Amino acid sequence: MAEEFYTNGVEEAPQGRGGQRFRGRGGPGGGRKFIRKPKMCAFCVEKNSRIDYKQADVLHRYVTERGKIRPRRQTGMCAKHQRRMAMAIKRARHLALLPYSTSPVR
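Residues numbered from 1 in each chain as written. Predicted model: local features only at pLDDT ≥ 70, side-chain atom pairs only at ≥ 80, totals over all residues. Heavy atoms only, no water.

A short note on the overall build of the protein
Link 1 in the chain: Of regular secondary structure, the protein possesses four helices and zero strands.
Link 2 in the chain: Just so you have it, the protein exposes about 9000 Å², and 51% of that area is on carbon and sulfur atoms. (Helix = DSSP H or I, 4+ residues; strand = E, 2+ residues; numbered from the N terminus. Areas by Shrake-Rupley, 256 points an atom, 1.4 Å probe, with all protein chains shown as cover.)

Rendered as structure tokens:
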């Protein structure tokens, strides 16, 4: 009986990449199992929304603070919309609607 421990009905889950899954009482989350839900492409879900280079406020969400285009694994976009987003960001940069990069920190 000394070897038994309470698992709260949670099966043993392998430690995910970047700490995506937790189990037991000692880890982050307090014994709750956390599995990240799959990201859905916001432009596939909303059929009416379009990717336009003139919408700098929409494009700004898909650019890092250093000025780099965010990858698909961070944004959750499908390949088709990621290509269109990259093209729109490049067009907006060319027309000075978005910065190419931030000012250097000294």
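So that's the structure; there's more coming.
Re unusual backbone geometry
Generally, phi is negative for residues other than glycine and the peptide bonds are trans, each holding for most cases.
Link 1 in the chain: Notably, A96 is not glycine yet its phi reads approximately 65°, a positive angle.
Link 2 in the chain: Residue placement: A96 occurs in the segment after α4 (79–94).

Notes on a positive patch on the surface
Link 1 in the chain: Side chains of K47, R50, R72, K80, R83 and R84 sit close together on the surface and give a patch of like positive charge.
Link 2 in the chain: For the positive patch, the element with the highest residue contribution is α4, accounting for three residues.
Link 3 in the chain: Topologically, R84 is positioned in helix α4.
Link 4 in the chain: Overall, R84 belongs to the partly exposed group, its relative accessible area being 48%. (Patch = residues over 30% accessible without salt bridge, like charges linked within 9 Å, V, L, I, M, F, W, Y side chains within 5 Å. Salt bridge = Lys/Arg side-chain N within 4 Å of Asp/Glu carboxyl O. Lys, Arg positive; Asp, Glu negative; His and termini not counted. Charge placed at Lys NZ, Arg CZ, Asp CG, Glu CD. Buried < 20%, exposed > 50% of the residue type's maximum accessible area, 1.4 Å probe, protein only.)

Describing the packing of aromatic side chains
The description of an aromatic ring pair uses the distance of the two centres, along with the angle that the planes make with each other.
Link 1 in the chain: Tallied over the entire structure, the rule returns one aromatic pair.
Link 2 in the chain: For the ring pair F43 and Y62, a centre distance of 6.1 Å and an interplane angle of 45° mean the geometry is tilted. Pair noted here: F43 is in helix α1 (residues 42–45) and Y62 is in the loop between α2 (56–60) and α3 (72–75), with a separation of 19 residues, a long-range link. As far as the burial class goes, F43 and Y62 line up, both buried. (Phe/Tyr/Trp six-rings, centres within 6.5 Å; stacked < 30°, edge-to-face > 60°.)

Here we look at the environment of A56
Link 1 in the chain: Mapped onto the elements of the fold, A56 is located in helix α2.
Link 2 in the chain: Here the alpha-carbon distance between A56 and A92, two residues 36 residues apart in the chain, equals 7.3 Å.
Link 3 in the chain: Excluding residues that lie within four positions of it along the chain, A56 makes contacts with L97 and L98. (Contact = heavy atoms within 4.5 Å.)

Description of the confidence of the model for the protein
Link 1 in the chain: Averaged over all residues, the pLDDT of the protein equals 79, while 67% of them reach at least 70.
Link 2 in the chain: Mean pLDDT across the elements of the protein ranges from a minimum in α1, with 90, to a maximum in α4, with 95. (pLDDT = per-residue confidence, 0-100.)

Looking at α4
Link 1 in the chain: Here α4 is 16 residues long and its end C-alpha atoms lie 23 Å apart, about the 22 Å a rise of 1.5 Å per residue gives.
Link 2 in the chain: Of the surrounding elements, those touching the buried residues of α4 are α1, α2 and α3.
Link 3 in the chain: Immediately beyond the C-terminal end of α4, within one or two residues, lies A96, with a positive phi of roughly 65°. (Expected span 1.5 Å × (residues − 1).)

Observations concerning the nonpolar core
Link 1 in the chain: With 13 residues, the main nonpolar core has F43, L59, Y62, M77, M85, I89 and L98 as its most contacted residues.
Link 2 in the chain: Going through the elements one at a time, α2 and α4 are the ones with two or more residues in this core.
Link 3 in the chain: Take this core: its biggest share by element is four residues, from α4.
Link 4 in the chain: Y62 has contacts with A42, F43, K68, I69, R70, T75, M77, M85 and I89, leaving out every residue within four places of it along the chain. (Core = buried A, V, L, I, M, F, W, Y, C linked by side-chain atoms within 4.5 Å.)

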